[in-house]
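Below are the chains, spelled out letter by letter.
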Amino acid sequence: MNKQLGIWKLGTFGMQHVLAMYGGAVVVPLIVGPAIGLNEAEVAYLISIDLFTCGLATFLQVLGNKFFGIQMPIIMGVAFQAVGPMIAIGTMQGVPAIFGAIIAAGAIVIFLAQFMDRIIPFFPPVVTGTVVVIIGTSLIGAAMGNITGQPDSPDYGSLTNLLLAGLTLVIIVLLNRFFQGFMRAISILASLVIGTVIAAFMGLVDFSSVGEASWFHMITPFRFGPPEFHLSAILSMTLVGIVSMMEATGVYFALAEVIDKKLTGNDIKKGLRAEGLAQIIGGIFQAFPYTTFSQNVGLIALTGVKQRRVVVASGFILVTLGLLPKVAALTLIIPDPVLGGAMIAMFGMVMASGIRQLSAVDFRRTENQLVVALSVGLGLGVSIAPEVFANVPQSIRILFENGIVTGGFTAVALNLILNGVSKEDSRNIKVDHRSDIA
């Protein structure tokens with residue numbers, strides 16, 4: 001469908017893209033905010049700034065210029081792999097350290113984009129898959145915490161909580177079993193809405209925050225204070241950034257095939273630079289690191305609507321929603337058990353994504369088994385019992401302050417020791433180094 005679309009069709013198709021990514025976008029602040037000690041008003045603001053910045057990042061990638069943006073119909077959303085590292089950084093080093101790490105990692109991604117094909121041999125599927133598995137598994141505890149509730153609360157581990165979480169999971173399964181295309185793409189969002197409606201009939205939803213929220217507010221940079229820069233936090237977010245670069249490159253090629261566009265090395269570099277700049281913007285507005293959302297590629301393939309103008313319309317909708325506090329407040333009414341049920345599915349999908357990457361690995365070789373076994377073991381070990389390395393010298397403790405960094409660096413180091421630098425990579429991504437900045 002390449003004919004010009006009227007304003008109403010543009011808005012309709014644009015909103016369809018927003019709905020496909022909305023659940024993944026708003027769930028991240030709902031998870032991260034309480035975990036790093038933000039109150040309800042601050043979480044509501046975090047949701048608003050997240051939607052607003054999703055729109056800005058989308059404009060950056062879709063519209064583009066000579067230096068940034070791949071100029072394809074791409075929706076940008078929160079890099080879900082960053083949830084675990086952000087929670088770890090926030091709880092250990094404070095909220096400002098999260099945003100400092102996001103800004104620094106974004107700058108590093110912009111720099112690394114120029115050398116993408118030289119970086120890839122150090123991050124074969126056995127490394128990236130292992131890192132993603134560690135991220136996914138380390139988050140399951142947070143999902144279960146939402147389901148059980150606080151240990152000192154009267155409904156801790158109640159059957160009602162378990163019922164709501166179970167129903168949410170069942171809804172996700174049924175939507176994926178009996179529907180295709182768009183409905184499957186919004187299964188997480190639909191499960192949250194249906195689960196909240198069921199909870200409302202049970203008298204478990206408080207709408208007061210929606211009534212108290214204002215209709216409009218302005219977004220301000222550095223709302224939570226000036227960013228702080230800690231090396232361990234930056235290393236953690238850089239690992240996430242590199243994994244996101246790998247995944248984004250794969251999405252670029254998938255989308256290019258859908259819209260019949262031939263990508264060049266400079267296209268890839270511009271797209272990845274936009275990913276880095278989007279992270280910097282996310283850090284400045286104190287939201288999240290942003291990356292290409294793959295689910296919207298499936299939506300383009302399903303509808304056949306390939307125009308960039310549609311995704312520009314999505315960007316305008318996201319920016320507008322970010323300026324409406326009542327939208328964020330409406331998201332806050334989702335009960336914790338419902339959110340916890342959806343989190344199990346989402347974090348499990350992160351873990352499954354890592355396993356999918358590992359499926360390209362030859363596990364007949366003991367070397368690859370050791371890379372995965374030791375990296376996952378150490379990564380989860382640090383996540384479960386961080387005090388194990390409390391007496392490690394300060395000079396190297398940055399490698400042991402959170403499980404993502406420990407597991408990630410273990411995977412890179414062991415792969416180099418046991419396998420060496422890969423000369424061939426199944427992803428076969430080639431980027432030329434001739435500068436297009438002139």
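A short tour of the structure in this document, coming up. Since this is a predicted model, take the numbers as computed values, not measurements.

Rules used throughout
- Along each chain, numbering runs from 1 in the same order as the chain's sequence is written.
- Per-residue local features are limited, in this predicted model, to residues with pLDDT of at least 70; the limit for side-chain atom pairs, both in listing and counting, is 80 or more; totals at the level of whole chains, interfaces and linings are taken over all residues.
- Note that water and hydrogens are dropped before the side-chain values are worked out from all heavy atoms of the structure.
- Secondary structure elements follow DSSP: runs of H or I no shorter than four residues count as helices, runs of E no shorter than two count as strands, and numbering proceeds from the N terminus.
- In protein, a polar contact means a hydrogen-donor-capable atom and an acceptor-capable atom, both N or O and within 3.5 Å, with residues adjacent in sequence counting only if both atoms are side-chain atoms; elsewhere, any N or O pair within 3.5 Å suffices.
- The cut-offs for exposure are 20% and 50% of the maximum accessible area for each residue type, with area from a 1.4 Å probe on protein chains only; residues under the lower value are buried, those over the upper are exposed, and the others partly exposed.
- Patch construction takes residues with relative accessible area above 30% that form no salt bridge. Like charges are linked within 9 Å, and nonpolar side chains (Val, Leu, Ile, Met, Phe, Trp, Tyr) are linked within 5 Å.
- To measure how exposed things are, a 1.4 Å probe is used in the Shrake-Rupley method; for residues, cover is taken only from the protein chains shown.
- What makes a salt bridge here is a side-chain nitrogen of Lys or Arg within 4 Å of a carboxyl oxygen of Asp or Glu, nothing more.
- Each residue after the first adds 1.5 Å to the expected span of a helix.

### Focus on the side chain of Thr292
No. 1: Structurally, Thr292 can be placed in strand 2 (residues 290-292).
No. 2: Within the structure, Thr292 has its side chain in polar contact with the side chain of Glu275 (distance 2.6 Å).

### Observations regarding unusual backbone geometry
Note: most residues except glycine have negative phi, and most peptide bonds are trans.
No. 1: Phi at Gln71 takes a positive value of approximately 60°, unusual for a residue other than glycine.
No. 2: Examined against the element boundaries, Gln71 turns out to sit in the loop between helix 2 (40-63) and strand 1 (76-78).
No. 3: Here the phi dihedral of Phe222 falls at roughly 55°; this positive angle occurs in a residue that is not glycine.
No. 4: You can call Phe222 partly exposed: its relative accessible area is 36%.

### Examining the environment of Gly6
No. 1: Secondary-structure assignment places Gly6 in the segment before helix 1 (7-35).
No. 2: Exposure remark for Gly6: the relative accessible area of 39% places this residue in the partly exposed category.
No. 3: Residues Gly6 and Thr264, 258 residues apart in the sequence, show an inter-C-alpha distance of 32 Å.

### What to know about a nonpolar patch on the surface
No. 1: A cluster of nonpolar residues, Leu163, Leu167, Met202 and Leu204, forms a patch on the protein surface that exposes about 320 Å² of accessible area.
No. 2: Mapped onto the elements, Leu167 comes out in helix 7 (residues 159-178).
No. 3: A relative accessible area of 30% places Leu167 in the partly exposed class.

### Focus: helix 12 (residues 265-284)
No. 1: Helix length check: helix 12, at 20 residues, gives a terminal C-alpha distance of 29 Å against a target of 28 Å (1.5 Å per residue), a fit within 8%.
No. 2: Positioned one or two residues after helix 12, Gln286 has a phi angle of 60°, which is positive.

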